[in-house]
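# Inside the fold
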Amino acid sequence: MATVIPSLSTIRKMTPGERRLGQRLESLLEDDYTVWYDIPVGRKQRYPDFIILHPGRGLLFLEQGDLDRAIADFSQVIQLNPDDSEAYCNRACAYGDQQNWDRAIDDLSDSIRLNPEDPVAYNNRGYMYYHRRLDILAGDIQDESPHTAEQDFERSIEDYDQAIRLDPNFAEAYFGRG
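Note that the structure is predicted; figures quoted are calculated from it, not measured.

The biggest cluster of nonpolar side chains holds 21 residues, and the ones touching the most others in it are Leu108, Met128 and Ala173. Listing elements by their share of this core, those giving two or more residues are helix 2 (67–80), helix 3 (85–97), helix 4 (101–114), helix 5 (119–138) and helix 6 (146–166). If near-sequence neighbours (up to four positions away) are discounted, Met128 is found in contact with Pro16, Ala92, Cys93, Gly96, Trp101, Ala104, Ile105 and Leu108. Core analysis: the second largest hydrophobic core is formed by 12 residues, Ile11, Leu25, Val35 and Tyr37 among them.

This is the structure we're talking about:
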């Protein structure tokens, strides 16, 4: 398991896609990898999403951002394997990064239908419901009623609660529910 600096549980400003990638890097990379999130690099002080260091292999800079390409790639995976719950979850994160809440919620609902034991999918759907609610209340989504905003808030809490039931140590779900 790689070391992530700062610890993922302490980072509040991550997008769902960045958080999911960070979790994957942390769990899939070997112990001798170090991963930094959102630190300035170079004279221009640019902030790549992730910097990965391996003592024997060097540095790798990762930047998320080509969301349309990511959505197209995950759509192709789904077309080839419509039962891949992770592909739906990942595509939902890209939709969420675009603030396309409805599509993100639909994909996360499909992911949960395929794998109802995945706390990450519930957590992410809770996040999407919550942020859709904020856009409704701010007037950024014109065709929704305040009643729908309250329903989204309730759904968000329900999803965070389910994520916690499935994984009582899932700190991000407690943060989202809080």
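Next comes the rest of the account.
Counting buried residues along strand 3 (residues 50–54), 4 of its 5 residues qualify, which places the element largely inside the surrounding structure. Direction of pairing for strand 2 (residues 34–37) relative to strand 3: antiparallel, over a ladder of 4 bridges. Paired with Tyr37 across the two strands is Phe50, which belongs to strand 3.

Here we take up the packing of helix 4 against helix 5. Where helix 4 meets helix 5, the closest approach of the two axes is 9 Å, and the angle between their N-to-C directions is 160°. When the axis of helix 4 is compared with that of helix 5, the two are roughly antiparallel. Seen along the crossing, helix 4 lies across helix 5 with a hand that is left-handed. Contacts from Trp101, Asp102, Ala104, Ile105, Leu108, Ser109, Ser111 and Ile112 in helix 4 reach Ala121, Tyr122, Asn124, Arg125, Tyr127, Met128, Tyr129, His131, Arg132 and Asp135 in helix 5. Here the contact of helix 4 with helix 5 is built from residues that sort into 10 nonpolar, 4 polar and 4 charged.

In this structure the tally under the stated criterion is 1 aromatic pair. Pairing Tyr37 with Phe50 gives two aromatic rings, centres 5.4 Å apart and planes at 55°, and the pair type is tilted. With Tyr37 in strand 2 and Phe50 in strand 3, this residue pair connects regions lying 13 residues apart in the sequence. Residue Tyr37 shares its accessibility class with Phe50, and that shared class is buried.

The subject of this paragraph is unusual backbone geometry. Across the junction of Ile5 and Pro6, the peptide omega takes the value -10°, indicating a cis bond. Structurally, Pro6 is set in the loop between strand 1 (3–5) and helix 1 (16–28). Positive phi outside glycine occurs at Gln99, with the angle close to 60°. Position of Gln99 among the secondary structure elements: in the loop between helix 3 and helix 4. Note on Gln99: relative accessible area 52%, which makes it exposed.

Basis of the calculations
- Residues numbered from 1 in each chain as written.
- Predicted model: local features only at pLDDT ≥ 70, side-chain atom pairs only at ≥ 80, totals over all residues.
- Heavy atoms only, no water.
- Core = buried A, V, L, I, M, F, W, Y, C linked by side-chain atoms within 4.5 Å.
- Buried < 20%, exposed > 50% of the residue type's maximum accessible area, 1.4 Å probe, protein only.
- Helix = DSSP H or I, 4+ residues; strand = E, 2+ residues; numbered from the N terminus.
- Contact = heavy atoms within 4.5 Å.
- Pairing = 2+ DSSP bridges.
- Axes fitted to C-alpha atoms, helices over the stretch in contact; angles between N-to-C directions.
- Parallel < 35°, antiparallel > 145°, perpendicular 65-115°, else oblique.
- Left-handed = near helix turned anticlockwise from the far one by under 90°.
- Nonpolar A, V, L, I, M, F, W, Y, C, P; charged D, E, K, R; others polar.
- Phe/Tyr/Trp six-rings, centres within 6.5 Å; stacked < 30°, edge-to-face > 60°.

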